[in-house]
Amino acid sequence: MNIAYQGEHLLPGQLGQFFIVLAFGSALFSAISYYFATTNTNKLDTSWLYMGRIGYFLNSISVIGIGACLFYIIYSNLFEYHYAWEHSSRTLPVYYIISSFWEGQEGSFWLWGFWQAVLGNILIWRAKSWEKPVLTVIALSQTLLASMLLGVEIFGSRIGSSPFILLRQAMEAPIFSRPEYLSYIKDGNGLNPLLQNYWMVIHPPTLFLGFASMIVPFAYAVAGLWQKRYKEWVQPAISYALFAVMVLGTGVIMGSLWAYESLNFGGYWAWDPVENAALIPWLTLIGAVHVMIVYKNTGHAYFTATFLTLISFVLVLYASFLTRSGILGETSVHAFTDLGMFWHLVVDVVVFAIIAATLLIIRFKEMPISKKEEDTYSREFWMFVGSVFLALSCLQLVVVTSIPVWNAIFKTSIAPPSNPVTLYNVFQAGFAVVVTLLTGATQFLKYKKTDITRFFISTVLYLVFAAIITGVIVYLTGVYKLKFVFILVMLGAIYSILVNGKVLADAFKGKIKLAGSAVAHIGFGLIMVGALISAGTSNVVSQNTSGMDYGADFDKANNSRENLMLYKNVPIKMGDYTVTYVGDSISAPNHYFKVDYKLLDGNGNIKEEFILKPNSQYNNKMGLVSSPDTKHYLFHDLYTHISMAPLNVMQAGMDLGHDQETNDDANYNAPVPHDMAVGDTIQYRDGYIILEKLNKDAHVQNIPITGNDVAVGADLKVVSHGITYQAEPVYMVKNGSVFDFARKIDDAGLKLRLTKIIPEKNKFEIMVYDQPEGKRPYIVMRAISFPFINFLWSGTVIMIIGFLLSIFRRNKELKTV
Amino acid sequence: MKKSSIFGIITIAVAIAIIICTYGSASTYGTFKDADSNSGELHIIGHIDKQKEIVYDATKDANYFSFYMRDTIGNERKVVYTGTKPEDFDRTDKIVLVGQMNKGEFHASHILMKCPSKYTQDKLDVKADTKKASI
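**Student:** Explain the overall build of chain A here, please?
**Tutor:** Summing up its helical and strand segments, chain A has 22 helices and 24 strands in all. Taking all contacts inside chain A whose residues are at least 6 apart in sequence as the whole, residues at least 24 apart take part in 69%.

Laid out in structure tokens, this is it:
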């Protein structure tokens, strides 16, 4: 059936698809050319090399072309394209169009390919004699990445998933039989509200630069083994490995900052498989960096260095298989669903795993593995031990995260641990103890041989000192209530900070080149301290002790009651604070709930007062989506989020300003009449009401007062929970008929009417309608305090600085050698 | 024995310990029947029974949520969860519970739902269909 569709813009998509095919073809061409350039024995023949370069440049241009076409499509709201329809909408501001660009799998593959293109060009420029073999590997990876975007049918199965697929090709609906279908598709699905956060603009590019740069040390290792330049590859690879570790680490922490600021699971790290997937290769490459340095300085640990470097990149690919293939299924909240690329992703992992394994096996006998044992009191031995422990901690993450994979392979049905967070925490803490203690103790060791007595004196001295400080910190922060292993981590981290602090002090005295590692280690120690205290002693401030009695058994359940309900304008004591839900402010599509926090001193004076505005938005695609708001102090954070808000509050917020005169008595308790004289006070459940005066000249909107008409207003002052409101219900006689106009005070849950005037007693009948509690606006919120979380963030910054210093140092060494 | 071999043995021992611990701590998927006879925590996959009452009333208790779920072989139990009703609960059908039985009620410590944005993929919400009728 051929239908001439109206209004479609097919050119950008066709152009984009052309670039995808070109990117795939040119990368393949480049990989093959570089391969022959490497194996060519005629050193004077540079034709293969030039062809390889041309292929790579062409690939880089095509990758940019793909990006430009896709951006144009999203930016111009061309909803005939599935990608734009799925991930964007007209109301999205430009900076979030950037995040919607990489919300989908295709966009994030593009991002990866883009960074790999950039890195490849840097290597063409800088790698000199390494260019041919290294670029062979990178062009091969670029080929596989481009194939993920192909989206073409070959032998009846679709290879890859193209971002330029049209909406009418992506799904079936009767509407697509209409030529003018596009005129009915007014808007796209929009970006997931949780991703509408500035971290989502910069976190994915950083993370994918990290992933992409993991290939460079891998490519050097492959090149070294392939070209039998066993010893030489290590030196240049160290700088690139440091860079990859630095960027990936930054990306991971940015992700946790995003989670902390806009998700409401109440923390920054949940050991979700998606988080683990990014951490797994980071751990092995950190280990690899250390053993590479060992090898460079002493000639030991060659096999471990090579193995860890190779496995790191294979794990990057394995991690992307885990998160993108849909295999995680129910075990992860935010892994992607299967785009039909399961086996494609498997092939990607297997290709590089086979390359790595083959080279390791066939070159094993020729590897420069030292026959001599490391000395027990040498730096190299303990750095080696530390790296192996990093690899073991990675192994634990891989084994547990991969439970669905084991199920798929062995046809079992094991469920993930019912409390994975505790399991990971305890295991990873065990490894962290060893690793942090080693980052400290090895600083007192020298390469090859160390004076044993001096080593023991300084190690023990610092350890005692660290133990004292740890004791104080553990006591003051309450960490001692946790499992013993966490106290040991604290000891290890403090020890590492102290010892590396000393190294840093020495560095300033002249051994400046040691500064990088010292600073990075201090940063890592601080991260551990911050994570331990903030996660270990975070406490739910909104512990709820009220609530109906659902039976004694229920109360004994291990679940703590973490949510607190607040009626509007009714202050409630929460921990040290008095909190009040004071109002709403709406900035579509976000509904902000203003929660007032007061800290009172012993005499009831306000020591501190601030307002937090956690928000929720009602999203057609996802339902109610809430984001927290956090009060940051230097030494702790107070985090607040809405767990639930009744929809009528949200809707009431939406029609603010519309005064509806409908009969809503059903929303109130039976009215209570009071006869009042001016100056009288009546009590009601939440406070009292005073009739201050009568207004003989009352006006009601849109109703003119003429001739014999009378309009009387009662000026009422209502005091509810210490807050004062004014209301003026009006009594009117117009053309002989009697009307009265009620006034509502929604925040106090009141409706007031002036129903009768009793001239003989000079009294007035005021009808008080009181809203039953369930009908009054309320929110349910949860508040958590995170002590010393700033150690975590500042530790990260310090660690990054340390990595930068190390990169500069290693680059300088490269030039001098 | 050489130092490196000792260290190698330690490494292998830790690796084996990791695998055993993983297997030991791993939970199992089961049914409500299994939960009746089992005191440990279980994963149960099932469907929410939307015919029966789903209780969450913040004004009575902000931390009590209960509903009925039917497991894969058709047993149905009341499920109680200490906390608020998850935001996307109404849009979900299939869920995974983690928890244990307590006097005929299943006390869930976690309710796992797939992110609805990715779960209910590609529902074209086009107003054209209603318009078509009037054309």
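**Student:** Hey, could you run me through helix α11 (residues 273–298) of chain A in this one?
**Tutor:** Residue and element names in this part refer to chain A. Helix length check: α11, at 26 residues, gives a terminal C-alpha distance of 38 Å against a target of 38 Å (1.5 Å per residue), a fit within 8%. Taken across its 26 residues, α11 has 22 buried, putting it largely inside the fold. One or two positions beyond α11, positive phi appears at glycine 299, with a value near 85 degrees.

**Student:** In this structure, what is going on with helix α6 (residues 131–149) of chain A? I would like to understand it.
**Tutor:** Because the α-helix completes a turn every 3.6 residues, residues three or four places apart line up on one side. Residues and elements named next belong to chain A. The end-to-end C-alpha separation of α6 is 26 Å, in line with the 27 Å expected for 19 residues at 1.5 Å each. The buried fraction of α6 amounts to 19 of the 19 residues, a majority that puts the element mostly inside the structure. Phi turns positive one or two residues past the end of α6, at glycine 151, with a value near 65 degrees.

**Student:** Teacher, can you tell me more about the packing of α6(A) against helix α9 (residues 215–226) of chain A here?
**Tutor:** When two helices pack together, you describe them by how their axes are tilted relative to each other and by the distance separating the axes. Residue and element names in this part refer to chain A. One can describe the packing of α6 onto α9 by two numbers: an axis separation of 8 Å at closest approach and a directional angle of 130 degrees. If you check the angle between α6 and α9, you find them oblique. Classified by chirality, the crossing of α9 by α6 is right-handed. Counted together, Pro133, Val134, Val137, Ile138 and Ser141 of α6 and Ile215, Phe218, Ala219, Tyr220, Val222, Ala223 and Trp226 of α9 form the full contact between these two elements.

**Student:** Help me out: how do you make sense of the pairing of strand β3 (residues 65–71) of chain B in this one?
**Tutor:** Regular strands have side chains that alternate between both faces of the sheet. Residues and elements named next belong to chain B. What you see with β3 is a clean split: Phe65, Phe67, Met69 and Asp71 sit on the buried side and Ser66, Tyr68 and Arg70 on the side with no burial. Pairing between strand β2 (residues 42–48) and β3: three bridges, direction antiparallel. Along β3, the bridge assignment pairs glycine 46 with aspartate 71. Relative to strand β4 (residues 76–81), β3 runs antiparallel, the two being bridged by six bridges. Bridging across to β4, tyrosine 68 finds its partner in lysine 78.

**Student:** Would you mind going over the environment of Gly255(A) with me for this structure?
**Tutor:** All names here are of chain A. With respect to the helices and strands, the residue glycine 255 is situated in helix α10 (residues 234–262). On the basis of neighbour counts, which here come to 21 C-beta atoms within 10 Å, the residue glycine 255 falls in the buried class. For the pair glycine 255 and proline 204, spaced 51 residues apart in sequence, the C-alpha separation works out to 8.3 Å. Among all residues touching glycine 255, those that are not within four sequence positions of it are His203 and Leu207.

**Student:** Where do I start with the sheet that holds strand β21 (residues 743–745) of chain A in this structure?
**Tutor:** Adjacent strands of a sheet form backbone hydrogen bonds with each other and so pair up, either parallel or antiparallel. Residue and element names in this part refer to chain A. Spatially, β14-β23-β22-β21 is the arrangement adopted by the four strands of the open sheet, whose pairing is antiparallel. Since the sheet does not close on itself, it has two edges, and those belong to β14 (672–676) and β21, each with one partner. Within the sheet, the average angular offset between the axes of one strand and its neighbour, ignoring direction, is 30 degrees. As paired elements, β14 and strand β23 (residues 763–770) share five bridges and run antiparallel to each other. Bridged to valine 672 within β23 is valine 768.

Parameters and conventions
Residues numbered from 1 in each chain as written. Chains lettered and ligands numbered in written order. Predicted model: local features only at pLDDT ≥ 70, side-chain atom pairs only at ≥ 80, totals over all residues. Helix = DSSP H or I, 4+ residues; strand = E, 2+ residues; numbered from the N terminus. Contact = placed C-beta atoms within 7 Å. Expected span 1.5 Å × (residues − 1). Buried ≥ 20, exposed ≤ 12 C-beta atoms within 10 Å, placed from the backbone. Axes fitted to C-alpha atoms, helices over the stretch in contact; angles between N-to-C directions. Parallel < 35°, antiparallel > 145°, perpendicular 65-115°, else oblique. Left-handed = near helix turned anticlockwise from the far one by under 90°. Pairing = 2+ DSSP bridges.

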